[in-house]
Amino acid sequence: MESREMLSFNDRIIEEFRANGGKVGGDFEGAPMLLLTTTGAKSGQARTSPLVYTQDGDRLVIIASNGGADSHPSWYFNLVANPLVTLEVGTETFQAKASVAEPDERRRLFDAQAELMPGFKDYETKTDRVIPVVTFERAS
């Protein structure tokens with residue numbers, strides 16, 4: 001998908017998410033979704049991405065798969081540069097601190113999410129890069 005098409009696709013999901021209390025249909029119907037708003041590493045502008053997630057205790061977990069592409073998604077670079085993010089989960093909006101999981105924890109969290117969402121296993125086979133896993137804890 002070209003970036004303009006992806007942006008339009010994401011914009012539609014974001015709009016649907018916000019209009020329906022965090023629920024979306026289509027390919028993502030029933031999937032646990034959140035909206036991640038990061039601060040652009042270069043632009044300084046707010047950027048919002050719809051992503052599926054899992055939980056690990058009190059933490060939320062997302063995988064920076066970028067559909068199995070050979071590069072990390074833009075939002076990943078943004079949160080590495082600016083780890084204080086805004087999350088929207090259901091109808092709740094809150095600030096959170098992002099952390100990139102270390103190798104052992106990354107493997108455990110990746111495997112747990114891939115077990116629930118097998119598409120992530122496919123993404124891992126499409127690329128030679130190690131796909132990062134990011135955790136979020138509520139900011140106090």
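## Some details on the pattern of salt bridges
For step 1, the next point in the chain: Counted according to the given criterion, the structure contains 10 salt bridges.
For step 2, the next point in the chain: One salt bridge connects Glu-105 with Arg-59, and the closest N-O pair in it is separated by 2.5 Å. One end of the pair, Glu-105, is in helix H3 (residues 103-116); the other, Arg-59, is in strand E4 (residues 59-63), and 46 residues separate them in sequence.
For step 3, the next point in the chain: Across the pair Glu-105 and Arg-108 runs a salt bridge whose closest N-O atoms are separated by 3.7 Å. Of the two residues, Glu-105 and Arg-108 both sit in helix H3, 3 residues apart, roughly one turn of that helix.

## Structural notes on a negative patch on the surface
For step 1, the next point in the chain: On the surface, Asp-11, Glu-15, Glu-16 and Glu-29 cluster together into a patch of negative charge.
For step 2, the next point in the chain: Relative to the elements of secondary structure, Glu-29 occurs in the loop between helix H1 (3-19) and strand E1 (33-39).
For step 3, the next point in the chain: Residue classification places Glu-29 among the exposed positions, given a relative accessible area of 61%.

## Thoughts on the side chain of Thr-54
For step 1, the next point in the chain: With respect to the helices and strands, Thr-54 occurs in strand E3 (residues 54-56).
For step 2, the next point in the chain: Here Gln-113 takes part through its side chain, which lies 3.2 Å from a polar atom of the side chain of Thr-54.
For step 3, the next point in the chain: With residues up to four places along the chain from it excluded, the contact list for Thr-54 reads Arg-59, Leu-60, Val-61, Gln-113, Leu-116 and Met-117.

## Let's talk about the nonpolar core
For step 1, the next point in the chain: The biggest cluster of nonpolar side chains holds 18 residues, and the ones touching the most others in it are Leu-34, Leu-36, Ile-62, Trp-75, Leu-87 and Phe-136.
For step 2, the next point in the chain: Residue contacts for Leu-36: discarding those within four places in its chain leaves Arg-47, Thr-48, Ser-49, Leu-51, Ile-62, Trp-75, Leu-79, Val-85, Thr-86, Leu-87 and Phe-136.
For step 3, the next point in the chain: Among the nonpolar cores identified, the runner-up in size contains 17 residues, and Ile-14, Val-24, Val-61 and Met-117 belong to it.

## A short note on the packing of H3 against helix H4 (residues 119-126)
For step 1, the next point in the chain: Two elements in contact, H3 and H4, have axes whose closest approach is 7 Å; the angle formed by their N-to-C orientations is 125 degrees. It follows from the interaxial angle that H3 and H4 lie oblique. Residue-level inspection shows Arg-106, Arg-107, Phe-110, Gln-113, Ala-114 and Glu-115 of H3 in contact with H4, the latter providing Phe-120, Lys-121 and Glu-124.
For step 2, the next point in the chain: Residues of the contact of H3 with H4, tallied by class, amount to 3 nonpolar, 1 polar and 5 charged.

Reading the values: the criteria
Residues numbered from 1 in each chain as written. Predicted model: local features only at pLDDT ≥ 70, side-chain atom pairs only at ≥ 80, totals over all residues. Heavy atoms only, no water. Salt bridge = Lys/Arg side-chain N within 4 Å of Asp/Glu carboxyl O. Helix = DSSP H or I, 4+ residues; strand = E, 2+ residues; numbered from the N terminus. Patch = residues over 30% accessible without salt bridge, like charges linked within 9 Å, V, L, I, M, F, W, Y side chains within 5 Å. Areas by Shrake-Rupley, 256 points an atom, 1.4 Å probe, with all protein chains shown as cover. Lys, Arg positive; Asp, Glu negative; His and termini not counted. Charge placed at Lys NZ, Arg CZ, Asp CG, Glu CD. Buried < 20%, exposed > 50% of the residue type's maximum accessible area, 1.4 Å probe, protein only. Polar contact = N/O pair within 3.5 Å; in protein donor to acceptor, adjacent residues only side chain to side chain. Contact = heavy atoms within 4.5 Å. Core = buried A, V, L, I, M, F, W, Y, C linked by side-chain atoms within 4.5 Å. Axes fitted to C-alpha atoms, helices over the stretch in contact; angles between N-to-C directions. Parallel < 35°, antiparallel > 145°, perpendicular 65-115°, else oblique. Nonpolar A, V, L, I, M, F, W, Y, C, P; charged D, E, K, R; others polar.

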